[in-house]
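Here is how the chains run, residue by residue.
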Amino acid sequence: MSDPLSLFFLATILIVTIPSFVYSIGYLKKEYSPKKILLGQILTFLFVLSMLAVVTVSNMLAFLIAWEIMSLVSYFLVVFDSEHEKSIQAGTIYVVMTHAGTAFLVAAFLLLYQHTHSFDFNLVKVASQTIPVHTRNIIFIFLLIGFGTKAGIVPLHIWLPYAHPQAPSHISSMMSGVMIKTAIYGLIRFIIYLLGVNDTWWGTLVLILAIISCLVGIIYALMEKDIKKLLAYSSVENIGIILFGVGLSMYFMSKNMSYWAVFALIAGLYHLINHAIFKGLLFLCAGSVYKAAGTRNMEKLGGLIRTMPITAACFLIGAMGISALPPLNGFVSEWLTLQAFFMGAWHTPGTDKLFLGFCAAMLALTSGLAAACFVKAFGITFLAKPRSSYAEKAIESPVSMRFGMLFLAGLTIIFGLGAAVIINILSRVAGASLGIDTSAMVFSVNNITIHPLAGNAMSLSPLTMALILVLCGLLGWIIYKVYRKRAISYNTWDCGYYRLDARHEYTATGFSKPLRIAFSFFLRPYRTTKKSGESFYHIKSMTYETHTTPVFKKYIYKPVLAITFKSAKFMRRIQPGSIHVYLAYIAITIFVLIILIRKF
Amino acid sequence: MQGLSIFGLLVATFLMVIAKRTPALVRSFRYQSFFLFLATLVIALEERQLNLYVVAGLIFALKVIGIPYFLQYTMKKINVREDLGLIANTQISLLLSLGFAYLSWIFSKQLMSSSETTAILPAVAFFILLTGMFLMIFRLTAMAQIIGLLIMENGLFLLASAVLGGMPFFVEIAIFFDVFVSVVIMGFFVYRINKLFTHIDVNRLSRLRG
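Keep in mind it's a predicted model, so treat the numbers as computed, not measured. (Residues numbered from 1 in each chain as written. Chains lettered and ligands numbered in written order. Predicted model: local features only at pLDDT ≥ 70, side-chain atom pairs only at ≥ 80, totals over all residues. Heavy atoms only, no water.)

1. So, the overall build of chain B
Reasoning step 1: Each helix and strand in chain B was counted, giving seven helices and zero strands.
Reasoning step 2: Shown N-terminal to C-terminal, the secondary structure of chain B runs as helices and strands in the order α-α-α-α-α-α-α.
Reasoning step 3: Oriented by its inertia axes, the alpha-carbon framework of chain B measures out at about 50 × 35 × 30 Å.
Reasoning step 4: Of all 210 residues assigned to chain B, the portion counted as buried reaches 50%.
Reasoning step 5: Within chain B, residue pairs in contact and separated by at least 24 positions form 72% of the contacts whose partners lie at least 6 positions apart.
Reasoning step 6: For chain B, the exposed area adds up to about 10300 Å²; of that, 68% sits on carbon and sulfur atoms. (Helix = DSSP H or I, 4+ residues; strand = E, 2+ residues; numbered from the N terminus. Buried < 20%, exposed > 50% of the residue type's maximum accessible area, 1.4 Å probe, protein only. Contact = heavy atoms within 4.5 Å. Areas by Shrake-Rupley, 256 points an atom, 1.4 Å probe, with all protein chains shown as cover.)

Pasting the structure below:
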């Protein structure tokens, strides 16, 4: 099937999974027994195969089967470190959430089947226009919940920060980089392509969810000190950015603004492939750090840039990409998304203007916070001096791992500089999924201006920017060379204490403190201090802990779980354990049914 | 001839209801199966179909000889109390089964909505079904449950041949195999349960619940 959307996702999957696979050769070595490595590689292979199947099949039943295989295989990969209690727990949360999501998908597909009498995509697409409006709305909501669970849209993201960090790093890279994107594929395929967008509120709802996902994801990421968890939360944020593009495209579609719908979808797809690349890269780097240092806790890392220069360089490129710094790829896609918002605000009247402007502002805020987050991730992990013996004994990873990282780092740069070419390719994908002929439309980074009134005077080209940045870099290097002689190396000024060690360094928790205060209305931080000593005035030891309240877990999932368990306990009363009573239940049920169908 | 077999089926079923010991139950099951065989044979003679002859032969081989023999063999092997463990005593059981017979008769008449002669065979079938279920619920041992299931199967078979003139041949054969295999499996399980818990009183398995 030469469907552009499927081809695009095929390419995305392969771009990330192949380097991850090469990386895994070095990563798994010595961590596990040969047998377990073989098992892991077979599972990985199945996982990639099932993802490829998900994006290529053209039948809803086949899609569901591939989707289930993907979910199950990824569950086994999450619990791959089966000796860790945490992995089992993470796997359980994951498998429960993902199946709850699949249940909604099954319901949505059956509803589609009921009205179109076919499971085949093409036939469904033809017949889907006859579905009554309220059924369409229900199908849309079900699909959004079903795919949203997999994508990690807030508040359905709960499994993501548990499952992704617990899997081996190359799997995290595939899960975060690619697997959650299959859900975006589902959204585009089933909502935009098959169902067709008619109502404005669909796009608006997706945009609102995108705003929430972005902000919640990045704020939690900022608070994290586990480097892989930080990356997992950042995935939630980036799914939000992708949804900005997708939701905006839906919004424009419902308003019949086809050019901008294509443009917004290009932005979304561009960010999708970008996120696949740099999140894959970052997870591989994090895995490299984890393998070398034996810990994922950033507070215990530090100074790795000297012992692991290649990992550090790759992580830096990934972090710059994800922070949307020009001229890397993240910049291009977020720039396009922002442009789409500005254009939308420009071309729509009244409150829509305000809403789209607000979305743009939220995207900008997210980007800023993301930059702060990755300054923290890179700075605490790689800069300064080692904070513990873990970080001191770290060494650079083997060749196969370096290859995986360098390959993706290279792609990060290529996708930034080659934006003009890639946009044109993506325009075909977006056009085909929206059902719009794009041959007459022109898309270019250079033609898109910051403000329509400014005309072409304020256009931006990544290549020019790259040139400027290289020149600035050269200038800096020259200045450094010329004035190097004047530099004196000396200890950090320590107020006359003279015994500074690694424990006096800036910590990840310290770095995020201002933001914890700024977002305290949402994070609800609390602290516990414990003092012990002979008297109140003479304290021998003191512990201080600060935590943030997991709002979604506490206020949504815990009550739901409590109700479930309570009702299960209640239902257990009818279960005495006696076979005779069970048989009696069956008999009574049959009698009641016979009476109910009025045969007697 | 058909009247005789129906009468025999009823008597055998009532005998099962008042049975207190497992051997008596197995023996009554054998009688019931024999009369079922007779009823099928009569239908076969009327319809002159090879299928029905084969089915009747299978009933005789499996239900009259094979399964009862296997059950007796299992009982001898595990060597347990012969007591069935009555939850409802024989008098109440008999009264209840009379009620079942009446209900089946009404139900059958409603269902067939034609002459009383065509309604009688389904009525007996329903009665046997209900009795089988009753025995499964109101007898304690696992053996009673197995036989209860077999009785229900007999009832089902009779119902199928009375209402539909027999099921398709392959379905019939498949069911026979199912029944035979399930009896073997259940017999084996009873044996295992007896070995593990030194009794086959199903009621005492209740502590195994989740």
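Next comes the rest of the account.
2. Digging into the overall build of chain A
Reasoning step 1: Within chain A, the regular secondary structure consists of 23 helices and two strands.
Reasoning step 2: What you see for chain A is a C-alpha radius of gyration of 26 Å, in line with the 25 Å of a compact globule of 600 residues.
Reasoning step 3: Projecting the C-alpha coordinates of chain A onto the three principal axes gives extents of approximately 100 × 75 × 50 Å.
Reasoning step 4: Each of the 600 residues in chain A was classed as buried or not, and the buried ones make up 52%.
Reasoning step 5: Taking contacts inside chain A between residues at least 6 apart in sequence as the whole, the part at least 24 apart equals 79%.
Reasoning step 6: On chain A, roughly 27400 Å² of surface is accessible, and the fraction owed to carbon and sulfur atoms is 69%. (Rg over C-alpha atoms; globule rule 2.2 N^0.38 Å.)

3. Overview of helix 1 (residues 2–18) of chain B
Residues and elements named next belong to chain B.
Reasoning step 1: The terminal C-alpha atoms of helix 1, which comprises 17 residues, lie 25 Å apart, in line with the 24 Å expected from a rise of 1.5 Å per residue.
Reasoning step 2: Looking at helix 1, one finds that the buried residues are Gln 2, Ser 5, Ile 6, Gly 8, Leu 9, Ala 12, Thr 13, Met 16 and Val 17.
Reasoning step 3: In this structure, the buried side of helix 1 is in contact with helix 2 (22–47), helix 4 (90–112), helix 5 (116–138) and helix 6 (142–163). (Expected span 1.5 Å × (residues − 1).)

4. Some points on the packing of helix 1 (residues 4–28) of chain A against helix 2 (residues 34–56) of chain A
Residue and element names in this part refer to chain A.
Reasoning step 1: Where helix 1 contacts helix 2, the two axes come as close as 9 Å, and the packing angle between them is 175 degrees. Taken as axis vectors, helix 1 and helix 2 run roughly antiparallel relative to one another. Contact with helix 1, carried on its side by Ser 6, Phe 9, Leu 10, Ile 13, Leu 14, Thr 17, Phe 21, Ser 24, Ile 25 and Leu 28, involves Ile 37, Gln 41, Thr 44, Val 48, Met 51, Leu 52, Val 55 and Thr 56 of helix 2 and no other residues of that element.
Reasoning step 2: Among the residues making up the contact of helix 1 with helix 2, the classes are represented as twelve nonpolar, six polar and no charged. (Axes fitted to C-alpha atoms, helices over the stretch in contact; angles between N-to-C directions. Parallel < 35°, antiparallel > 145°, perpendicular 65-115°, else oblique. Nonpolar A, V, L, I, M, F, W, Y, C, P; charged D, E, K, R; others polar.)

5. Here's the deal with the pairing of strand 2 (residues 539–548) of chain A
Along any regular strand the residues' side chains alternate between the sheet's two faces.
Reasoning step 1: The pairing of strand 1 (residues 525–533) of chain A with strand 2 of chain A spans nine bridges and is antiparallel. Paired with Gly533(A) across the two strands is Ile539(A), which belongs to strand 2 of chain A. (Pairing = 2+ DSSP bridges.)

6. Examining the side chain of Thr98(A)
Residues and elements named next belong to chain A.
Reasoning step 1: One can find Thr 98 in helix 4 (residues 85–116).
Reasoning step 2: Engagement of the side chain of Thr 98 in a polar contact is seen with the side chain of Lys 150, the distance being 3.0 Å.
Reasoning step 3: Setting aside anything within four residues of it in sequence, one finds Thr 98 in contact with Ser 71, Thr 149 and Lys 150. (Polar contact = N/O pair within 3.5 Å; in protein donor to acceptor, adjacent residues only side chain to side chain.)

7. A short note on unusual backbone geometry
Residues and elements named next belong to chain A.
Reasoning step 1: A cis amide bond links Val 154 to the next residue, Pro 155, at an omega of 5 degrees.
Reasoning step 2: A positive phi angle, near 55 degrees, is found at His 117, a position not held by glycine.
Reasoning step 3: In this structure, His 117 sits in the loop between helix 4 and helix 5 (121–127).
Reasoning step 4: Notably, Ala 324 is not glycine yet its phi reads approximately 60 degrees, a positive angle.
Reasoning step 5: By secondary structure assignment, the location of Ala 324 is in the loop between helix 13 (309–322) and helix 14 (329–347).

8. Here we look at the state of the cysteines
Residue and element names in this part refer to chain A.
Reasoning step 1: Per the stated rule, a full pass over the model turns up zero disulfides over all chains.
Reasoning step 2: In this model Cys 214 remains outside any disulfide bridge; the closest cysteine sulfur is found in Cys 359, 9.7 Å from its own.
Reasoning step 3: Here Cys 373 stays free of any disulfide, with the sulfur of Cys 214 as its closest cysteine sulfur at 13 Å. (Disulfide = S-S within 2.5 Å.)

9. Let's talk about the confidence of the model for chain B
Reasoning step 1: Overall, the predicted model of chain B reaches an average pLDDT of 83, with 90% of residues at or above 70.
Reasoning step 2: Element-level pLDDT for chain B is lowest in helix 7 (residues 169–197) of chain B, with a mean of 77, against a maximum mean of 89 in helix 1 of chain B. (pLDDT = per-residue confidence, 0-100.)

10. Brief notes about the pattern of salt bridges
All names here are of chain A.
Reasoning step 1: On inspection of all chains with the given rule, the structure shows six salt bridges over all chains.
Reasoning step 2: Residue Asp 226 is joined to Arg 296 by a salt bridge in which the shortest nitrogen-to-oxygen separation is 3.0 Å. Taken together, the residues span a long stretch of sequence, with Asp 226 in the loop between helix 9 (200–223) and helix 10 (227–254) and Arg 296 in the loop between helix 11 (258–293) and helix 12 (304–307) at a distance of 70 residues. Across the pair, exposure class does not vary: Asp 226 and Arg 296 are buried alike.
Reasoning step 3: With a shortest N-O distance of 3.4 Å, Glu 505 and Arg 387 are connected by a salt bridge. In this pair, Glu 505 is assigned in the loop between helix 19 (462–483) and helix 20 (508–518) and Arg 387 in the loop between helix 15 (350–382) and helix 16 (389–392), connecting sequence segments 118 residues apart. Summarising the burial analysis for this pair, Glu 505 and Arg 387 share the class buried. (Salt bridge = Lys/Arg side-chain N within 4 Å of Asp/Glu carboxyl O.)

11. A closer look at the environment of Thr92(A)
Reasoning step 1: Here Thr92(A) lies in helix 4.
Reasoning step 2: In this structure, the C-alpha to C-alpha distance between Thr92(A) and Met174(A), residues 82 residues apart in sequence, is 19 Å.

12. Looking at the domain arrangement of chain A
Residues and elements named next belong to chain A.
Reasoning step 1: Split by domain assignment, chain A resolves into domain 1 (4–452 + 459–465), domain 2 (504–548) and domain 3 (551–596).
Reasoning step 2: One C-alpha centre belongs to domain 1, the other to domain 3; they are set 39 Å apart.
Reasoning step 3: With nine residues of domain 1 at the contact, the number on the domain 3 side is five residues.
Reasoning step 4: Buried surface at the junction of domain 1 and domain 3, summed over both partners, amounts to about 540 Å²; 68% is from carbon and sulfur atoms.
Reasoning step 5: Of all residues in domain 1, Pro 155, Ile 158 and Tyr 220 give up the largest surface area on contact with domain 3, accounting jointly for 62% of the area buried on that side. (Domains from an automatic or database assignment. Buried area = accessible area lost by both parts, 1.4 Å probe.)

13. Some thoughts on the packing of aromatic side chains
Residue and element names in this part refer to chain A.
Reasoning step 1: Overall, the coordinates contain 43 aromatic pairs over all chains when judged by the stated rule.
Reasoning step 2: For the cation-ring pair, Lys 125 lies above Tyr 193, with the distance from its terminal atom to the ring centre recorded as 4.6 Å.
Reasoning step 3: Positioned above the aromatic ring of Tyr 162 is the side chain of Lys 229, whose terminal nitrogen or guanidinium carbon lies 5.2 Å from the ring centre. (Phe/Tyr/Trp six-rings, centres within 6.5 Å; stacked < 30°, edge-to-face > 60°. Lys NZ or Arg CZ within 6 Å of the ring centre and 35° of its normal.)

14. A few points about a nonpolar patch on the surface
Reasoning step 1: On the surface, a nonpolar cluster with roughly 1200 Å² of combined accessible area is contributed by Leu467(A), Val470(A), Leu471(A), Leu474(A), Leu475(A), Trp477(A), Ile478(A), Ile479(A), Tyr480(A), Val482(A) and Tyr483(A).
Reasoning step 2: Turning to its location among the elements, Leu471(A) is positioned in helix 19. (Patch = residues over 30% accessible without salt bridge, like charges linked within 9 Å, V, L, I, M, F, W, Y side chains within 5 Å.)

15. Details of the layout of surface pockets
All names here are of chain A.
Reasoning step 1: Of the pockets and cavities examined, the second largest pocket occupies roughly 550 Å³.
Reasoning step 2: Considering each element in turn, the lining of the second largest pocket owes the most residues, eight residues, to helix 4.
Reasoning step 3: A breakdown of the residues in the lining of the second largest pocket according to their chemical character gives 13 nonpolar, five polar and two charged.
Reasoning step 4: Counting contributing residues per domain, the lining of the second largest pocket is built from domain 1 (4–452 + 459–465) and domain 3 (551–596), each supplying no fewer than three. (1 Å grid on protein atoms, 1.4 Å probe; cavity = no way out; pocket = protein on both sides within 12 Å on 5 of 7 lines; lining within 4 Å. Points joined across faces, edges and corners; volume = space filled by probe spheres on them.)

16. Side note on helix 11 of chain A
All names here are of chain A.
Reasoning step 1: For helix 11, built from 36 residues, the straight-helix expectation of 52 Å at 1.5 Å per residue is met to within 8% by its first-to-last C-alpha distance of 51 Å.
Reasoning step 2: When you tally the buried positions in helix 11, you get 32 out of 36 residues, the bulk of the element.
Reasoning step 3: Where helix 11 terminates, the next one or two residues include Gly 294, which has phi positive at roughly 80 degrees.

17. A short note on a positive patch on the surface
Reasoning step 1: On the surface, a cluster of positive charge is contributed by Arg524(A), Lys553(A), Lys554(A) and Lys558(A).
Reasoning step 2: With respect to the secondary-structure elements, Lys558(A) resides in helix 22 (residues 551–571). (Lys, Arg positive; Asp, Glu negative; His and termini not counted. Charge placed at Lys NZ, Arg CZ, Asp CG, Glu CD.)

18. Brief notes about the confidence of the model for chain A
Residue and element names in this part refer to chain A.
Reasoning step 1: With 96% of its residues at a pLDDT of 70 or more, chain A shows a mean pLDDT of 87.
Reasoning step 2: Element-level pLDDT for chain A is lowest in helix 16, with a mean of 82, against a maximum mean of 94 in helix 3 (residues 60–78).
Reasoning step 3: Note on residues 449–458: pLDDT is under 50 here. Beyond four places in sequence and across chains, it has 13 contacts.

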